[in-house]
Amino acid sequence: MSHDLLPKIKTLFLKKETKEEQRGLLLTFAGHGTKKLQRFADIETFPNVLIYPEGMQGKWKEHFGNDQPITLELACGKGDYALGLGRMFPERNFIGVDLKGNRIWRGAKTALDEQLANVGFLRTQIDHLQNYFAAGEVAEIWITFPDPFLRASKAKKRLTHPKFRLFTSRYCNRAPPST
Ligand SMILES: C[S@@+](CC[C@H](N)C(=O)[O-])C[C@H]1O[C@@H](n2cnc3c(N)ncnc32)[C@H](O)[C@@H]1O
């Protein structure tokens, strides 16, 4: 591993919010993590990625430079839907949200390469989503192929669990379609 990366590792380590996240980062370095580490460092510089940002409630219009409606793709992974929808609907903005910087890197890099100015990424825990959006700031929420957590004992981990209050929350200005 290059010595240039060591200060970056330290910075990334300190930014981790929980011991579990710090442990995950260390395991990454201990294994085959150099590429991942480079990607973590890259997304710090990408203008279309915000990492645990502060003070973003009510500021997304400024971020995108327009007042187009915002769709969130939660647990976006590499952001395939945010990218695809962004290409199809340039009159809307899309934000892919995921915890994993390595996956976000892929989507954000594609968005930059294709100059998709209406597609952005937010790296955070979905559990903390309410910290990032003001009332009515989000027009739509998509959850595409989340981890299923099939066992009943794990039901509370499903992103569709009512505890997340994703679709009834004050920051989403529209109710979901009935199923
Ligand atoms: C099965 S993958 C689906 C990825 C993507 N939606 C797709 O269809 O390719 C689940 C994703 O959810 C993310 N994830 C799971 N729980 C999360 C949470 N609480 N906060 C943020 N991301 C989460 C994981 O990092 C992972 O990228």
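Residues numbered from 1 in each chain as written. Predicted model: local features only at pLDDT ≥ 70, side-chain atom pairs only at ≥ 80, totals over all residues.

(A) Representation of the sheet that holds strand β2 (residues 70-74). Read across the open sheet, the five strands follow the order β1-β4-β3-β2-β5; overall the sheet is parallel. Looking along the sheet, the strands with just one partner apiece sit at the ends: β1 (49-51) and β5 (140-143). Sheet twist, expressed as the average angle between the axes of neighbouring strands with direction ignored, equals 20°. Note: β2 against strand β3 (residues 93-98), five bridges, orientation parallel. In the sheet register, I70 faces β3, and the bridge partner there is N93. Lying on the sheet, helix α5 (residues 80-88) is in contact with β2, β3, β4 (119-123) and β5; it crosses β3 at an angle near 175°. Strand contacts of helix α6 (residues 101-113): β1, β3 and β4, with the helix running at about 165° to β4, the strand carrying the most contacts. (Pairing = 2+ DSSP bridges. Helix = DSSP H or I, 4+ residues; strand = E, 2+ residues; numbered from the N terminus. Axes fitted to C-alpha atoms, helices over the stretch in contact; angles between N-to-C directions. Contact = placed C-beta atoms within 7 Å.)

(B) Representation of α5. If you check which residues of α5 are buried, you get A82, L83, L85 and G86. Against the buried residues of α5 lie β2, β3, α6 and β4. (Buried ≥ 20, exposed ≤ 12 C-beta atoms within 10 Å, placed from the backbone.)

(C) A look at the pairing of β3. For β3, a buried count of six out of six residues is recorded, marking the element as mostly surrounded by other parts of the structure. Burial of the side chains of β3 extends over both faces: N93, I95 and V97 are buried on one face and F94, G96 and D98 on the other. As a crossover connection, the stretch from β2 through α5 into β3 is right-handed. Sheet topology places β3 next to β4; five bridges connect them, and they run parallel. When the sheet's bridge partners are listed, I95 is paired in β4 with G120. (Right-handed = clockwise from strand over helix to strand, strands pointing away.)

(D) Local environment of the packing of helix α3 (residues 34-45) against α6. The contact between α3 and α6 brings their axes to 9 Å, and the two run at 60°. By the angle class used here, α3 and α6 are oblique. Considering the relative orientation of α3 and α6, their crossing is left-handed. On the side of α3, the interface is formed by K36, R39, F40, D42 and I43, while α6 contributes G101, N102, I104, W105 and A108. (Parallel < 35°, antiparallel > 145°, perpendicular 65-115°, else oblique. Left-handed = near helix turned anticlockwise from the far one by under 90°.)

(E) Spatial organisation of the environment of T110. Counting through the fold element by element, T110 comes out in helix α6. A C-alpha to C-alpha distance of 9.5 Å links T110 and K78, two positions 32 residues apart in sequence.

Keep in mind that these numbers describe shape and distance, not what the molecule does.
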